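Examination of the molecular architecture
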Amino acid sequence: ELGMEPLVEVHTDQEMEIALDCKAKVIGVNSRNLHTFKLDMETTERVSKVAKKRGIRWGFDGDIQLAALSGISSSSDVDLFRKLGVSMVLVGEALMRAADPKEEITKLMKTQEAKELKRVVKVCGVTRAEDALCAAKAGANFVGIIFADKSKRKVSFEQAIGIVKEVRRFGERNGKMELKLSAEKNDSEWFEKWAKLIAEKSGRTPLVVGVFQDQSIEYVNDVVEKVGIDLVQLHGNESWEMCAGISVPTIKVMHVPITHDPSKVAFDLRFGYAAMILLDSSIGGKKGGTGVSFEPTLANFFAQKKVPVIVAGGVDSSNAEEILEKSGAWGLDASSGVEESGKPGIKNHSKVIK
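Source: prediction; values computed, not measured.

This next bit is on helix α3 (residues 75-83). Along α3, the residues that are buried comprise Ser 75, Ser 76, Asp 77, Val 78, Asp 79 and Phe 81. On its buried side, α3 packs onto α2 (43-53), β3 (65-69), β4 (88-90), α5 (101-109) and α8 (190-201).

Structure follows, in structure tokens:
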């Protein structure tokens with residue numbers, strides 16, 4: 001009578017059967033279970049198979065139109081549903097969190113081939129669950145927890161598990177993030193491909209990074225299993241081969257003395273082992289936690305080689321934009337620069353948000 005078609009929302013196969021029996025033409029598949037509030041991004045694909053079994057076509061030229069609801073936060077999510085033949089997506093939280101909703105919509109609509117590599121931010125040295133939650137809400141891609149024995153920010157197993165639980169609760173996931181890349185070890189685009197994958201996977205919910213320094217591979221893998229961290233950062237003198245032996249993808253740190261020649265650092269670069277590279281300043285043999293920046297053009301040298309890198313050392317809200325502009329770095333790692341003065345491991349929430 002009004003010339004309008006109702007959108008019928010479903011979540012389960014049974015609900016899809018009912019909607020089709022009622023001759024619904026526009027069906028919204030909610031990826032969130034409204035009883036448990038758990039998110040399952042495979043719900044749309046699973047439920048659409050009910051229509052396929054009945055010989056019902058969906059899409060703009062189909063018998064019905066499908067809409068994907070909940071959990072959509074990146075262009076890869078949109079791409080996934082586009083490939084499934086979904087006609088519409090509903091985006092809410094991602095736009096509410098975006099500084100510029102119009103720009104965010106443009107990013108969401110880009111295809112995988114057209115989109116630019118999204119920059120990332122890591123908040124490291126987190127020791128409290130409430131600080132991890134603050135970082136997650138602020139849009140951080142990584143929350144770093146330190147297991148290195150000599151660090152003033154070293155966490156206990158109890159602290160680490162509490163942080164992981166808080167990050168997972170925020171991201172509505174029950175386990176480690178599945179991170180797998182199809183690429184050969186000698187692939188010249190190895191680091192670029194990993195960067196794209198990691199940027200997309202960490203777009204809606206942070207990944208928890210465990211930071212280790214010159215500890216055994218057995219110990220590292222044991223912590224990964226018991227705590228449930230998503231990535232490992234090797235911050236000492238670990239070999240490239242050790243990166244390949246860790247049970248989750250690794251971030252390999254390359255320590256940069258303040259006056260180091262960029263070409264000599266890049267000489268040690270090897271493809272096919274670590275998933276990511278982090279450049280951190282080194283002073284007098286001290287590795288990490290220096291609070292001092294190195295020459296930012298060093299990261300630009302890597303960018304020219306098409307190797308995305310994360311930059312650490314003296315990063316805070318006052319210099320972050322400048323470092324990114326001068327270095328061309330893929331991402332930034334902030335630790336002491338977002339802490340309460342004189343309180344290692346205790347984050348200042350206003351600094352984190354900035």
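A separate point is helix α9 (residues 217-227). Owing to its 3.6 residues per turn, the α-helix brings residues three or four apart onto one side. Val 220, Val 223, Val 224 and Val 227 are the residues of α9 that are buried. Considered in projection along α9, the buried side chains sweep an arc of 100 degrees and stay on one side of the axis. The outward face of α9, more than 90 degrees from its buried face, is lined by the exposed residues Glu 218, Glu 225 and Lys 226. The secondary structure elements touched by the buried residues of α9 are α7 (157-171), β7 (207-212), β8 (231-234) and α10 (240-245). Just downstream of α9 lies Gly 228, where phi reads positive at about 90 degrees.

As a further point, take the environment of Glu 158. Structurally, the position occupied by Glu 158 is in helix α7. Residues Glu 158 and Val 227, spaced 69 residues apart in sequence, show a C-alpha to C-alpha distance of 8.8 Å.

Taken together, four strands build an open sheet; the order of strands is β1-β2-β3-β4 and the sheet is parallel. On the outer flanks of this sheet lie β1 (7-10) and β4, each paired with one strand and no other. For this sheet the average axis-to-axis angle between neighbouring strands, irrespective of direction, equals 25 degrees. For β3 and β4, the ladder comprises three bridges, and the chain directions are parallel. Following the sheet pairing, Leu 69 is matched in β4 by Leu 90. Where α2 meets the sheet, it contacts β1, β2 (26-30) and β3, and its direction lies at approximately 140 degrees from that of β2.

A few words on the nonpolar core. One finds Phe 142, Ile 198, Ile 229, Val 232, Met 276, Ile 277 and Leu 279 to be the most contacted residues of the largest nonpolar core, which totals 75 residues. Ranked by residue count, the leading element in this core is α8, at seven residues. Apart from residues no more than four positions distant in its own chain, Val 232 is found in contact with Val 209, Gly 210, Phe 212, Val 220, Val 224, Ile 246, Val 248, Pro 249, Thr 250 and Ile 251. One finds Val 47, Val 50, Val 78 and Phe 81 within the second-largest nonpolar core, a separate group that totals 20 residues.

Take the pattern of salt bridges next. Counting across every chain of the model gives 18 salt bridges. Residues Arg 54 and Glu 17 are paired through a salt bridge, measuring 2.5 Å at the closest nitrogen-oxygen approach. In this pair, Arg 54 is assigned in the loop between α2 and β3 and Glu 17 in helix α1 (residues 13-21), connecting sequence segments 37 residues apart. A cluster of three or more residues bridged by salt bridges with shared partners is formed by Glu 17, Asp 21 and Arg 54.

Turning next to unusual backbone geometry. Positive phi, normally seen in glycine, also occurs at Ser 70, with a value near 80 degrees. One non-glycine residue, Asp 214, adopts positive backbone phi at about 55 degrees. Within the secondary structure, Asp 214 is located in the loop between β7 and α9.

Below, the discussion takes up the layout of surface pockets. In this approach, a probe sized like a water molecule rolls over the atoms, and the result shows the empty space that is left. When its volume is computed, the second largest pocket comes out at roughly 1000 Å³. If you trace the second largest pocket, you find 33 residues lining it, with Met 41, Asp 77, Met 177, Glu 200 and Lys 201 closest to the centre. Among the secondary structure elements, those contributing two or more residues to the lining of the second largest pocket are α3 and α8. Here the element with the most residues in the lining of the second largest pocket is α8; it accounts for five residues. Residue composition of the lining of the second largest pocket, grouped by class: six nonpolar, eleven polar and 16 charged.

So, on to the pairing of β2. With five of five residues buried, β2 is to be regarded as a mostly interior element. Because side chains alternate across β2, one face comprises the buried residues Val 26, Gly 28 and Asn 30, and the other comprises Ile 27 and Val 29, equally buried. What joins β1 to β2 is α1, and the crossover it makes is right-handed. Pairing of β2 with β3, which is carried by five bridges, proceeds in the parallel orientation. Its bridge partner being in β3, Val 26 is matched across the sheet by Gln 65. Following the chain from β2 across α2 to the adjacent parallel β3, one finds a crossover that is right-handed.

A word on the packing of α7 against α9. Between α7 and α9, the shortest axis-to-axis distance is 10 Å and the interhelical angle comes to 50 degrees. Put simply, α7 runs oblique to α9. Of the residues in α9, those touching α7 at Phe 157, Ala 160, Ile 161 and Val 164 are Tyr 219, Val 223, Lys 226 and Val 227. Each residue belonging to the contact of α7 with α9 can be placed in one class, and the counts come to seven nonpolar, no polar and one charged.

Conventions used here
- Residues numbered from 1 in each chain as written.
- Predicted model: local features only at pLDDT ≥ 70, side-chain atom pairs only at ≥ 80, totals over all residues.
- Heavy atoms only, no water.
- Buried < 20%, exposed > 50% of the residue type's maximum accessible area, 1.4 Å probe, protein only.
- Helix = DSSP H or I, 4+ residues; strand = E, 2+ residues; numbered from the N terminus.
- Contact = heavy atoms within 4.5 Å.
- Arc of directions from axis to C-beta.
- Pairing = 2+ DSSP bridges.
- Axes fitted to C-alpha atoms, helices over the stretch in contact; angles between N-to-C directions.
- Core = buried A, V, L, I, M, F, W, Y, C linked by side-chain atoms within 4.5 Å.
- Salt bridge = Lys/Arg side-chain N within 4 Å of Asp/Glu carboxyl O.
- 1 Å grid on protein atoms, 1.4 Å probe; cavity = no way out; pocket = protein on both sides within 12 Å on 5 of 7 lines; lining within 4 Å.
- Points joined across faces, edges and corners; volume = space filled by probe spheres on them.
- Nonpolar A, V, L, I, M, F, W, Y, C, P; charged D, E, K, R; others polar.
- Right-handed = clockwise from strand over helix to strand, strands pointing away.
- Parallel < 35°, antiparallel > 145°, perpendicular 65-115°, else oblique.

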